[in-house]
Amino acid sequence: MKLTTRGHYSVKALLDLSLQPGYGPASVKAIAQRQDLPAPYLEKLLIEMRRAGLVKSIRGVQGGYQLARSPAKISLGQILEAVGESIDPLPDHTPKGTQAEDWVTLSLWKRLHQKLKEALYSISLEDLYYDARSWQAAQGEEINFIV
């Protein structure tokens, strides 16, 4: 599995939103500037995540996007799924019935895929936030939070 730009930007944006005081709204422009992301592309990703119920949009001068629920209740798997990321390691493949090794290999990849999927859905946005903060503290950084 490879995390594409689409998935990476989506995780960065939601981590940024998790930093907002009281999980209040942040504008696309502000998120894009803090995380060094292209604002038009970020807007499209946030719209997809809004449709998936991960964020909500707030209209008005002080509006923007905010998390729809607490970071502990948003998983990495949900974020990736919301923006159309595939976690499938292999295309559908049916081995020839005469090759036992092919069946064993297919079985192994199916099991690994299931474990990967379980892991992605068990890692919360809150977990990622604390991992990033721990790394920053270890580096002695007091700078703006950039994923």
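Whatever comes next refers back to the structure up there.
The structure contained in this document is the topic of the report that follows. (Residues numbered from 1 in each chain as written. Predicted model: local features only at pLDDT ≥ 70, side-chain atom pairs only at ≥ 80, totals over all residues. Heavy atoms only, no water.)

So, the environment of Ser75
Step number 1: Tracing the backbone shows Ser75 in the loop between strand E2 (64-67) and helix H4 (76-82).
Step number 2: Taking relative accessible area as the criterion, Ser75 reaches 6% and is therefore assigned buried.
Step number 3: A sequence separation of 45 residues divides Ser75 from Leu120, and the C-alpha atoms of the two residues are 7.0 Å apart.
Step number 4: Apart from residues no more than four positions distant in its own chain, Ser75 is found in contact with Leu120, Tyr121, Ile123 and Ser124. (Helix = DSSP H or I, 4+ residues; strand = E, 2+ residues; numbered from the N terminus. Buried < 20%, exposed > 50% of the residue type's maximum accessible area, 1.4 Å probe, protein only. Contact = heavy atoms within 4.5 Å.)

Considering the pairing of strand E1 (residues 55-58)
Looking down a regular strand, the side chains alternate between one sheet face and the other.
Step number 1: As paired elements, E1 and E2 share four bridges and run antiparallel to each other. Bridging from a neighbouring strand, Lys56 pairs with Gln66 of E2.
Step number 2: Following E1, the chain reverses through five residues before pairing antiparallel with E2; Gly60 in that reversal takes a positive phi of roughly 110 degrees. (Pairing = 2+ DSSP bridges.)

Points about the pattern of salt bridges
Step number 1: The tally for this structure, following the rule as stated, stands at three salt bridges.
Step number 2: With a closest N to O distance of 2.4 Å, Arg6 and Glu48 form a salt bridge. Placement of Arg6 in helix H1 (residues 5-18) and of Glu48 in helix H3 (residues 39-51) is noted, with a sequence separation of 42 residues between them.
Step number 3: Overall, Glu48 belongs to the partly exposed group, its relative accessible area being 22%.
Step number 4: When the shortest N-O distance is used, the salt bridge between Asp16 and Arg34 registers 2.6 Å. On the criterion of sequence distance, the pair formed by Asp16 in helix H1 and Arg34 in helix H2 (residues 28-35) is long-range, its members being 18 residues apart.
Step number 5: The exposure class of Arg34 is partly exposed, given its relative accessible area of 23%. (Salt bridge = Lys/Arg side-chain N within 4 Å of Asp/Glu carboxyl O.)

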